[in-house]
Amino acid sequence: MPNEAGKRSDTAFIGHPVGLAWLSASEFWERFSYYGMQSLLVLYGSHYLLQPGHVEKVLGFNVLRGIVDAVYGANLSPQALAIGISGLYSACVYLTPIGGGLLADRGIGRTRTVVLGATLMTIGQFMLAFDAGFAIGLLCLLLGVGCFKGNIASQVGDLYSADDLRRADAFQIYFLGIQLAVIIAPIICGGLSEKVEWHLGFIASGVGMMFGLAIYLFGRKTFPAEPVRKSAGAAERPPLTERDWKVVALLVGLSIVSNQEIFNAYLIWAEKNYQIVFFGETMPISWMLSVDAIVSTVLMVGVIAFWRWWSRRWTEPNEITKIVIGTAISACAPLVLAAASARVAATGHPVSMVWAVAFHVVNDLGFANVLPVGLALYSRAAPKGLGGFMIAVYYLHLFIGNTLIGKIGGLLGTMSDVNFWLMHAALMGVAVVLLFFARLMFGRFLAPSRDAAAEAA
């Protein structure tokens with residue numbers, strides 16, 4: 001099997017194919033662009049764009065407002081409208097990759113789809129730098145991220161043969177770039193917008209996206225080969241077997257139960273319950289996102305090193321086992337917040353930031369074994385020809401999470417904080433049980449297959 005041997009021998013980038021370096025660098029700049037824009041979207045809308053004298057200049061604003069009103073209600077204040085626009089955008093960026101996956105799998109291929117997506121996102125970011133282009137820019141960004149996000153992740157998975165356990169390690173390395181972008185982007189883009197001029201943050205995000213597109217084009221010769229295509233333009237793909245349909249159904253089901261998004265309510269709770277005054281100055285609570293990104297980055301490195309150490313001594317667990325372990329760890333994180341809430345209730349004083357660090361360590365340790373490993377699982381287990389689509393399905397759990405958790409977060413203040421976080425722990429505990437049951441009953445459908453490895457070779 002020369003092709004498989006060739007893949008395994010490609011270890012030029014810290015034991016991985018060199019294509020991983022180019023794809024990870026491209027994703028870093030795409031995430032820099034995304035989080036740079038996302039960090040200032042609400043502030044820009046509420047403090048500037050949606051105020052009288054500016055909002056009248058936005059082309060297509062009535063359509064945008066009509067969509068937000070239909071979801072969140074009419075007669076919103078500029079601040080509430082800005083929050084609604086940001087929330088709806090954050091949810092939809094995890095929905096549009098389904099269309100992008102189908103475009104790549106059934107149409108123009110992954111590389112061309114990613115290039116199209118990066119181009120649309122670059123245009124969108126620069127459109128946001130003008131009052132009139134705000135709504136059009138958001139549309140370009142949604143379409144662009146739909147083409148980009150799932151397909152570049154699929155290309156990471158395609159660097160490896162079906163039974164190559166380096167895949168999960170690769171996605172964790174890939175996510176390190178994302179974590180670094182989360183740390184850096186709000187500082188640069190948010191700082192430019194708030195301290196200098198609002199539109200400069202979007203320009204910086206646009207420049208970042210240009211870097212990402214240039215890097216992707218420069219490294220495309222190291223990417224996995226596209227599937228053989230018919231003259232009509234559709235990719236060759238065998239019909240789905242009964243086993244393929246079972247795998248698709250199982251992957252869709254797992255995407256629903258594996259969500260662990262809790263940060264909307266967390267930031268509101270943290271502002272009231274953490275001691276955030278240092279030397280007479282109050283720390284912006286939004287900095288907790290940077291704290292989380294720093295902790296997550298360190299732990300991602302640690303998890304990569306741990307599983308490499310483990311694999312040299314024992315059999316490395318497959319992806320679904322790691323996901324069960326990671327979700328179980330993350331389910332303990334709300335228990336830390338419940339304990340902190342109990343202490344606040346008992347003493348009447350905010351708790352120290354030590355509790356915050358404890359929460360982020362537990363939550364991010366679980367995250368390091370869930371999201372990147374889940375991408376590895378979906379890219380490998382997806383039926384041939386549906387890789388991009390199934391990666392997009394995996395992101396669907398973040399769309400569901402951003403939609404449903406907002407409802408659950410609305411319960412904050414209607415019950416005791418202790419019970420609020422215990423409820424989160426219980427819900428995540430149910431997810432652990434369901435994932436463990438899925439591993440026991442259906443794990444054989446998701447396990448690496450020698451037949452699949454032979455097909456890949």
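Just so it is clear, the model here is predicted, and its values are computed rather than measured.

Draft legend 1. Seen up close, the overall build of the protein chain. Looking only at helices and strands, the protein chain has 19 helices and two strands in total. Residues counted as buried form 52% of the 457 residues belonging to the protein chain. Contacts in the protein chain between residues at least 24 apart in sequence constitute 81% of all its contacts with a sequence separation of at least 6. Only carbon and sulfur atoms are counted for the fraction: they give 69% of the accessible area of the protein chain, which is about 19,900 Å².

Draft legend 2. Main features of the confidence of the model for the protein chain. Taken as a whole, the protein chain shows an average pLDDT of 80; of its residues, 82% reach a score of 70 or greater. Averaged over each element, pLDDT in the protein chain is lowest for helix α19 (residues 450-456) (43) and highest for helix α14 (residues 333-347) (96). A low-confidence stretch, residues 231-235 stays under pLDDT 50, and its non-local contacts, those more than four residues away or across chains, total nine contacts. This stretch, residues 450-457, has a pLDDT under 50; its non-local contacts, to residues over four places away or in other chains, come to 11 contacts.

Draft legend 3. Quick look at the pattern of salt bridges. For the structure shown, the criterion picks out six salt bridges. Ionic pairing is found between Asp169 and Arg308, a salt bridge with its closest N-O pair at 2.8 Å. Within this pair, whereas Asp169 is found in helix α8 (residues 166-195), its partner Arg308 is found in helix α12 (residues 287-311), the two being separated by 139 residues in sequence. Residue Asp169 is classed as buried on the basis of its relative accessible area of 8%. Owing to a relative accessible area of 32%, Arg308 belongs among the partly exposed residues under this scheme. Glu316 serves as the salt-bridge partner of Lys322, at 2.6 Å between the closest nitrogen and oxygen. The pair formed by Lys322 and Glu316 is uniform in burial state, with each residue classed as buried. Shared partners join several salt bridges into a network, and the residues in it are Glu27, Glu30 and Arg31.

Draft legend 4. Geometry of the packing of helix α13 (residues 319-330) against helix α16 (residues 371-381). Across the interface, α13 lies against α16 with an axial gap of 9 Å and an inter-helix angle of 155 degrees. When the axes of α13 and α16 are compared, the pair comes out roughly antiparallel. Crossing geometry of α13 relative to α16 is assigned as left-handed. Contacts between α13 and α16 involve Glu319, Lys322 and Ile323 from the first element and Val373, Gly374, Ala376, Leu377 and Arg380 from the second.

Draft legend 5. Broad picture of the environment of Leu142. Secondary-structure assignment places Leu142 in helix α7 (residues 134-157). Setting aside its immediate chain neighbours within four residues, Leu142 contacts Tyr89, Cys92, Val93 and Thr96.

Draft legend 6. Summary view of the side chain of Asn369. When you line up the elements, Asn369 lands in the loop between α15 (353-367) and α16. If we ignore the near neighbours within four places in the chain, the residues touching Asn369 are Gln172, Val303, Trp307, Lys322, Ile323 and Gly326.

Draft legend 7. Seen up close, the packing of aromatic side chains. Going through the model one piece at a time under the given rule, you end up with 19 aromatic pairs. Ring centres of Trp22 and Phe218 lie 5.4 Å apart, and the angle between their planes is 50 degrees; on these two criteria the pair is classed as tilted. One end of the pair, Trp22, is in helix α2 (residues 18-49); the other, Phe218, is in helix α9 (residues 198-218), and 196 residues separate them in sequence. Pairing Phe28 with Trp29 gives two aromatic rings, centres 5.1 Å apart and planes at 80 degrees, and the pair type is edge-to-face. The exposure class assigned to Phe28 is buried, which follows from its relative accessible area of 17%. Note on Trp29: relative accessible area 23%, which makes it partly exposed. By way of ring pairs, the aromatic residues Phe306, Trp307, Trp309, Trp310 and Trp314 are connected into one cluster. Arg31 extends its terminal NZ or CZ atom over the ring of Tyr34, reaching a point 4.3 Å from the ring centre.

Draft legend 8. Spatial organisation of a nonpolar patch on the surface. Side chains of Phe436, Phe437, Leu440, Met441 and Phe442 sit close together on the surface and give an oily, nonpolar patch of about 490 Å² of accessible area. Along the chain, Leu440 falls in helix α18 (residues 417-446). Residue class for Leu440 comes out exposed when judged on its relative accessible area of 53%.

Draft legend 9. View of α2. Spanning 32 residues, α2 covers 43 Å between terminal C-alpha atoms, matching the ideal 46 Å at 1.5 Å per step. The axis of α2 is deflected most strongly, by about 40 degrees, at Leu40.

Draft legend 10. Quick look at unusual backbone geometry. You will see that Phe279, though not glycine, has its phi angle at about 55 degrees, which is positive. Mapped onto the secondary structure, Phe279 falls in the loop between β1 (277-278) and β2 (281-282). Phe279 gets classed as exposed once you look at its relative accessible area, which sits at 87%.

Draft legend 11. Here's a closer look at the packing of helix α5 (residues 97-108) against helix α6 (residues 110-128). The contact between α5 and α6 brings their axes to 8 Å, and the two run at 135 degrees. Between α5 and α6, the interaxial angle falls into the category oblique. Both α5 and α6 take part in a crossing whose hand is right-handed. Along its contact with α5, which presents Gly100, Leu103, Ala104, Asp105 and Ile108, the element α6 presents Arg110, Arg112, Thr113 and Leu116.

Draft legend 12. Highlighting the environment of Ile184. With respect to the helices and strands, Ile184 occurs in helix α8. You can call Ile184 partly exposed: its relative accessible area is 33%. Residues Ile184 and Ala293, 109 residues apart in the sequence, show an inter-C-alpha distance of 9.6 Å. Non-local contacts of Ile184, meaning those with residues more than four positions away in its chain, are made with Phe28 and Phe32.

Draft legend 13. A look at the environment of Arg380. Turning to its location among the elements, Arg380 is positioned in helix α16. Taking relative accessible area as the criterion, Arg380 reaches 12% and is therefore assigned buried.

Draft legend 14. Local environment of α13. Counted at 1.5 Å a residue, the expected span for α13 with its 12 residues is 16 Å, and the 16 Å between its end C-alpha atoms agrees. By the criterion of burial, α13 is predominantly enclosed, with nine of the 12 residues buried. For α13, the set of buried residues is Glu319, Ile320, Thr321, Lys322, Ile323, Val324, Gly326, Thr327 and Ser330.

Here is what the cut-offs are and how they apply
Residues numbered from 1 in each chain as written. Predicted model: local features only at pLDDT ≥ 70, side-chain atom pairs only at ≥ 80, totals over all residues. Heavy atoms only, no water. Helix = DSSP H or I, 4+ residues; strand = E, 2+ residues; numbered from the N terminus. Buried < 20%, exposed > 50% of the residue type's maximum accessible area, 1.4 Å probe, protein only. Contact = heavy atoms within 4.5 Å. Areas by Shrake-Rupley, 256 points an atom, 1.4 Å probe, with all protein chains shown as cover. pLDDT = per-residue confidence, 0-100. Salt bridge = Lys/Arg side-chain N within 4 Å of Asp/Glu carboxyl O. Axes fitted to C-alpha atoms, helices over the stretch in contact; angles between N-to-C directions. Parallel < 35°, antiparallel > 145°, perpendicular 65-115°, else oblique. Left-handed = near helix turned anticlockwise from the far one by under 90°. Phe/Tyr/Trp six-rings, centres within 6.5 Å; stacked < 30°, edge-to-face > 60°. Lys NZ or Arg CZ within 6 Å of the ring centre and 35° of its normal. Patch = residues over 30% accessible without salt bridge, like charges linked within 9 Å, V, L, I, M, F, W, Y side chains within 5 Å. Expected span 1.5 Å × (residues − 1). Bend = angle between axes of the 7 residues up to and from the residue.

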